[in-house]
Every structure is written in C-alpha cells, then in structure tokens.
Amino acid sequence: APMITAAGIGRDWPDARGVFWSEDKQVAVLVNEIDHVKVVASNAAGKVREAFTRALEVVEMLAQALAGNGREFMKSPNLGYLTVFP
C-alpha cells in the first residue's frame, strides 16, 4: 500500500523479520511485520475468550522479557500503547 511504503515500514524487507509459532500452532508472534511485535492467537474450538487469554499471557511474557533487559513497551499516558499501524 502506498501509505505503508511512504512511511518506510517496508524498508529493508525481509531483513530483521520473523514469525514465532507455539508448538500447537495456535499462537504466532510476528516480529517487525508492520508493527514491531504482533501477537495472534486462535483456538481450534472457536473459544474466543481462551484465545484472548492466551494472547494476553504471551504479551505479559514479552513484557517480562523486555523488563529483564531494562526495556519496556512504548506507552503514552494519553494514548496508551503506541503502534505504527492502528
């Protein structure tokens, strides 16, 4: 899309990008796709609450890993967590 290209989001494609899957293939973490990190969770039985809970668990694990390295997700007191692509 022209807007994405103009913003430089596709720059250096495909370097520094990846997808990490859970063993059961129901959770994927996309790194540097459009946003820096995107967590996608599904549930084969269609249980949305379980998929959402699992996605939240993954986000919390990522936050803990970042904190262990003295980092954190970017967050604005006015806007909440910051993202490139709303």
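Scroll up to find the structure.
Cut-offs and rules
- Residues numbered from 1 in each chain as written.
- Predicted model: local features only at pLDDT ≥ 70, side-chain atom pairs only at ≥ 80, totals over all residues.
- Heavy atoms only, no water.
- Helix = DSSP H or I, 4+ residues; strand = E, 2+ residues; numbered from the N terminus.
- Buried < 20%, exposed > 50% of the residue type's maximum accessible area, 1.4 Å probe, protein only.
- Pairing = 2+ DSSP bridges.
- Axes fitted to C-alpha atoms, helices over the stretch in contact; angles between N-to-C directions.
- Contact = heavy atoms within 4.5 Å.
- Salt bridge = Lys/Arg side-chain N within 4 Å of Asp/Glu carboxyl O.

Backbone geometry places Lys25, a non-glycine residue, at a positive phi of 60°. Relative to the helices and strands, Lys25 resides in the loop between strand S1 (18–21) and strand S2 (27–31).

To continue, consider the pairing of S2. Summarising burial for S2: four of the five residues are buried, a large majority. By the bridge criterion, four bridges tie S1 to S2 in an arrangement that is antiparallel. Within the sheet, the bridge partner assigned to Trp21 lies in S2 and is Ala28. Taken together, S1 and the strand that follows it, S2, pair antiparallel across an intervening segment of five residues, in which Lys25 is found at a positive phi of about 60°. In terms of strand pairing, S2 meets strand S3 (residues 37–41) through five bridges, oriented antiparallel. Of the residues in S3, the one forming a bridge with Val29 is Val39.

Here the focus is the sheet that holds S3. Taken together, the three strands give an open sheet; going across it, the order is S1-S2-S3, and neighbouring strands pair in antiparallel fashion. If you trace the sheet from one side to the other, it starts and ends with S1 and S3, each paired once. Direction aside, the axes of adjacent strands within the sheet are offset by 15° on average. The strands that helix H2 (residues 48–68) touches are S2 and S3; relative to S3, the one it contacts most, it runs at about 150°.

In this structure the tally under the stated criterion is two salt bridges. Here Arg54 makes a salt bridge to Asp24, at a shortest N to O gap of 2.7 Å. Taken as a pair, Arg54 in helix H2 and Asp24 in the loop between S1 and S2 lie far apart in primary sequence, 30 residues in all. Classification of Arg54 by relative accessible area gives partly exposed; the value is 29%. For Lys47, the salt bridge goes to Glu50, with nearest N and O atoms at 3.9 Å.

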